[in-house]
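So the chains spell out like this:
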Amino acid sequence: MQKMSYTFSFPEEVLEHVFSFIEGERDRNAISLVCKSWYEIERWCRRKVFVGNCYAVSPVMVIKRFPEVRSIALKGKPHFADFNLVPEGWGGYVCPWIAAMACAFPWLEEIRLKRMVITDDSLELIAKSFKNFKVLVLTSCEGFTTDGLAAIAANCRNLKELDLQESEVDDLSSGHWLSHFPDSYTSLVSLNISCLGNEVSLSALERLLGRCPNLQTLRLNRAVPLDRLPNLLSRCPQLVELGTGVYSTEMRPEVFSNLEAAFSGCKQLKSLSGFWDVLPSYLPAVYPICSRLTSLNLSYAIIQSSDLIKLISQCPNLLRLWVLDYIEDAGLYTLAASCKDLRELRVFPSDPFGLEPNVALTEKGLVSVSEGCPKLQSVLYFCRQMSNAALHTIARNRPNLTRFRLCIIEPRTPDYLTLDPLDSGFGAIVEHCKDLQRLSLSGLLTDRVFEYIGTYGKKLEMLSVAFAGDSDLGLHHVLSGCDNLRKLEIRDCPFGDKPLLANAAKLETMRSLWMSTCSVSYGACKRLGQKMPRLNVEVIDERGPPDSRPDNCPVEKLYIYRTIAGPRLDMPGFVWTMEDDSSLRIE
Amino acid sequence: MEVGLKKKNMGFEETELRLGLPGNGASGTEEVLRKRGFSETQTQDDTASVDLMLNLSSKEPTTGADPTDKHNTLPKEKTLLPADPAKPPAKAQVVGWPPVRSFRKNMLAVQKSVGEEGEKNSSPNASFVKVSMDGAPYLRKVDLKMYKSYRELSDSLGKMFSSFTIGNCESQGMKDFMNESKLMDLLNSSDYVPTYEDKDGDWMLVGDVPWEMFVESCKRLRIMKGKEAIGLGLAPRAMAKSKNRS
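On a predicted model such as this, the values are computed, not experimentally measured, just so you know.

## Description of the overall build of chain B
Part 1 of the reasoning: Helix and strand content of chain B: 11 helices and five strands.
Part 2 of the reasoning: Within chain B, buried positions represent 48% of all 246 residues.
Part 3 of the reasoning: Long-range pairs, those at least 24 residues apart, make up 66% of the contacts in chain B with a sequence separation of at least 6.
Part 4 of the reasoning: With an accessible surface of roughly 12000 Å², chain B has 55% of that area assigned to carbon and sulfur atoms.

## Quick notes on the overall build of chain A
Part 1 of the reasoning: What chain A contains, in helices and strands, is 20 helices and 23 strands.
Part 2 of the reasoning: Relative to its length of 587 residues, chain A is compact, with a C-alpha radius of gyration of 26 Å against a globular reference of 25 Å.
Part 3 of the reasoning: Oriented by its inertia axes, the alpha-carbon framework of chain A measures out at about 70 × 70 × 65 Å.
Part 4 of the reasoning: Evaluated residue by residue, chain A yields a buried proportion of 59% over its 587 residues.
Part 5 of the reasoning: Expressed as a percentage of contacts within chain A between residues at least 6 apart in sequence, the contacts between residues at least 24 apart total 70%.
Part 6 of the reasoning: Carbon and sulfur atoms form 53% of the exposed surface of chain A, whose accessible area is close to 23000 Å².
Part 7 of the reasoning: Positive and negative side-chain charges in chain A, numbering 65 and 70 respectively, have mean positions lying 6 Å apart.

## Notes on the pairing of strand β2 (residues 140-143) of chain B
All names here are of chain B.
Part 1 of the reasoning: Here strand β1 (residues 128-133) runs beside β2; their pairing, made up of four bridges, is antiparallel. The partner of Phe-128 across the bridge, within β2, is Asp-143.
Part 2 of the reasoning: Here β1 hands over to β2 after six residues, with Gly-135 in that stretch at a positive phi of 100°.

## Some remarks on the packing of helix α2 (residues 25-32) of chain A against helix α3 (residues 36-45) of chain A
For any two helices packed against each other, the geometry comes down to the angle between their axes and how far apart the axes lie.
Part 1 of the reasoning: Direction vectors running N to C along α2 of chain A and α3 of chain A enclose 145°, while the axes themselves pass 8 Å from each other. Across the interface between the two elements, Arg-28, Ile-31 and Ser-32 of chain A of α2 of chain A pack against Trp-38, Tyr-39, Glu-42 and Cys-45 of chain A of α3 of chain A.

## Some points on the confidence of the model for chain A
Part 1 of the reasoning: Here chain A averages 94 in pLDDT, and 97% of its residues register 70 or above.
Part 2 of the reasoning: When the criterion is pLDDT under 50, residues 581-587 of chain A qualifies, and its contacts beyond four places in sequence or with other chains add up to 10 contacts.

## Here we look at helix α8 (residues 202-210) of chain A
Part 1 of the reasoning: Every buried residue of α8 of chain A is accounted for by Leu-202, Ala-204, Leu-205, Glu-206, Leu-208 and Leu-209 of chain A.
Part 2 of the reasoning: Those residues of α8 of chain A that are buried are in contact with β8 (190-192), β9 (217-219) and α9 (229-235) of chain A.

## Focus: the packing of aromatic side chains
Part 1 of the reasoning: What the rule picks out here adds up to 22 aromatic pairs over all chains.
Part 2 of the reasoning: An angle of 80° between the planes, with centres 5.7 Å apart, marks the rings of Tyr-55 of chain A and Trp-90 of chain A as edge-to-face. Of this pair, Tyr-55 of chain A sits in the loop between β1 (48-51) and α4 (59-65) while Trp-90 of chain A sits in the loop between β2 (71-75) and α5 (95-104); the two residues are 35 residues apart in sequence, bridging distant segments of the chain. Both residues of the pair, Tyr-55 of chain A and Trp-90 of chain A, count as buried.
Part 3 of the reasoning: Ring geometry for Phe-467 of chain A versus Trp-97 of chain B: centroids 5.4 Å apart, planes at 80°, classification edge-to-face. Placement of Phe-467 of chain A in the loop between β18 (462-466) and α17 (472-481) and of Trp-97 of chain B in the loop between α3 (67-80) and α4 (102-109) is noted, with the two residues assigned to different chains.
Part 4 of the reasoning: Here the aromatic cluster, defined as three or more aromatic residues joined through ring pairs, consists of Tyr-55, Phe-80, Phe-83, Trp-90, Trp-514, Tyr-559 and Tyr-561 of chain A.
Part 5 of the reasoning: Here the guanidinium or amino end of Arg-568 of chain A rests over the ring plane of Tyr-55 of chain A, the centre of that ring lying 4.5 Å away.
Part 6 of the reasoning: Positioned above the aromatic ring of Trp-90 of chain A, the side-chain terminus of Arg-568 of chain A is 4.3 Å from the ring centre.

Cut-offs and rules
- Throughout this description, residue numbers start from 1 for each chain and increase along the sequence as written.
- Chain A is the first chain written and ligand 1 is the first ligand written, with later ones labelled in order.
- Local features in this predicted model are restricted to residues of pLDDT 70 or higher, and side-chain atom pairs are both shown and tallied only at a pLDDT of 80 or more, whereas totals for entire chains, interfaces and linings draw on every residue.
- To get the side-chain values, all heavy atoms of the structure are used, and hydrogens and water are removed first.
- In this description a helix means any DSSP run of H or I spanning at least four residues, a strand means any run of E spanning at least two, and both kinds are numbered starting from the N terminus.
- A simple rule labels every residue: compare its accessible area, found with a 1.4 Å probe on the protein chains alone, to the largest value its type can have, and call it buried under 20%, exposed over 50%, or partly exposed in between.
- Whether two residues are in contact is decided by their heavy atoms: any pair within 4.5 Å suffices.
- Here, Shrake-Rupley sampling with a 1.4 Å probe gives the accessible areas, and only protein chains in the shown set may cover a residue.
- Using C-alpha atoms as the atom set, the radius of gyration is obtained and then compared with a globule rule of 2.2 Å times the number of residues to the power 0.38.
- The convention is simple: Lys and Arg are positive, Asp and Glu are negative, and His and the chain ends are not counted.
- By convention, the point assigned to a charge is CZ for Arg, NZ for Lys, CD for Glu and CG for Asp.
- Any two strands with at least two DSSP-identified bridges between them are counted as paired.
- For helices, the axis comes from a line fit to the C-alpha atoms of the stretch in contact; other axes are also lines fit to C-alpha atoms, and the angle between any two N-to-C directions lies between 0 and 180 degrees.
- Per-residue confidence from the predictor is given as pLDDT, running between 0 and 100.
- Stacked, edge-to-face and tilted are the three classes for Phe, Tyr and Trp ring pairs, Trp counted by its six-membered ring, which pair at centre distances within 6.5 Å; planes under 30 degrees apart are stacked, over 60 edge-to-face, the rest tilted.
- For a lysine, the NZ atom is tested; for an arginine, the CZ atom; a charge sits over a ring if that atom is within 6 Å of the ring centre and within 35 degrees of the ring normal.

Take a look at the structure:
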């Protein structure tokens, strides 16, 4: 009898074709682990690469494994850099990546960067090296000027997307960079310049909009005057997403009616943002399109609750709302009543450093939204008081929450009703919300809350902790219990050496761990670095070399991440990687 | 932990506005903040005469970049520190807390505040006024809303008309009007004096009333020679006003 062999003898082309339908990088990674031939086939046809930590792997390694990449995404600095916890000059330089890819990926189409430093030179290299370059997204990046943008505009004939979301751009050219888009350029689909400080040339912008029929997203900066907006919109009535510039000017009836007509003329408009310096009398200009809106970002808009209520009550199809706490509880009650499809709510503080509450926003607003909006999945909420009871209610109302970030503005604030820690409330959140992926804690919290998180937070991928916990046990609960933890960031907590050393292996299953103003000693960092060669244990300390202090002295900041690229070579003087050879550091 | 003292990162504007939080006892920091606030009070000569017409409810957000906002919230702060030095530092500034991105903080800081001030600033009153200067061949127009103080206006006018003035220019003139003894010297000299026509049609000397009030009531500006100002009967009124003030 012949043995039937079950080797699948599809030609490679067939497998490649099948793989081409699979885009998500996790699935692609899974495919590549099936067998050697699948690994080989897959790597040659992978078009999109996502590198969550630019120091986890080197450009050469990526290029070697995936020679045909068309799209790359890179993230640099740790998340806490957003809050000034990472000193200037820490790293996150994209230059070596661009240089390497310029040679290796001539057909690269997309570059997406987050929290990285990119220079004009790199932008120029991008503009000149990639003939089919289409998408440049720079989120929270810095290091470049409008000269770099001019190079992109002038050279990238197939550019579809230019998105400078919340980046720090040195605005040199008074808007002339925009004029570098040649008259023959017509392929723009998405433009986000909302972070630019200076005016852009409005006439150049008008001409650009007029000749790009596929434009869908336009996010203007504050310097664009309101009375010019109708004219701009008339050039691109097909817009789906709009960010206005400044939203006030002298109150003139013809400006208002022009504006209203311009908004109404954009029949596909679904998303609005911008709204700096709002003059409330101009808000009604958007009323005619409110019923179509799915996304509203009013997080820079200083609008009273009553005006917000009038606006929101007309937006029954809203999926996402970002707003300042001027909305107050009253506005959130309206939201809960009007916007039954809401998926995401973010409420930002208008006065984060004020001594006293300046608005009537409490936990009640959030509870009401959790009751009224059955599809609510993602919450970011700044407030000044919270109770365990409210958290329990929210948890029971919304077990479908996947992201829950609560920031009670005053550190270590207890339950305002009982004065208890908020352990039980957050415990309810992790217990009921079984698919919770991201959680940020605040308020008065003991080790207990971490016990709950370790026990129930099985799907948790990212956890942010501040001013919480009593002892090492807190950190140990999290590291030993959260099976899917990828990113952990901790500040000002009494966590020390033991849980780190005891859970060292766990750290290799995570992307990164950040700890600042905790109790981890230099000695423990050294031991961890020695024990775990595939971790970079970076000590960030602006007091000077940790060697100059005793081993049991706690380090200021600690950033641990897994890597196959070894210690990085671009560290500044205040960062030390725990390795044997400190001469690897380049000043 | 000295982490709280680190201010080297971006957003110095934001550290001016922070009033701090009670926290982990990094006690040195809020003094730095407060000191800056106090010294601003003392050296604010330009805005010293600005009318405190801002409605000081606790609803007023304190993130406005307008110096008068800071000025007005300081009385609240003052009671915290000097009143009870035995109390632990009320609000220590903590770096990176609450976790609001600098980008967002800066954006909020440069906007006007809600409430009366916000509405007033966006009010429809005409802010463009004609400016004539005796001897100059043509008039100019300025938008008074573009300026926050007499100093800013006078600097701008000085630049506008610098080619026409002989000798002293506007900024000196405007500075000196506040000083009574110099006022008479000024009016007697051939130096230029800024005057304006108010809502009632009266010609007034620039600088007597608080800036906001001036912006609301000024219909046109005329920069005339000091001697002519006396001739127009301006001086007695100006003299009377300045006498009333002292």
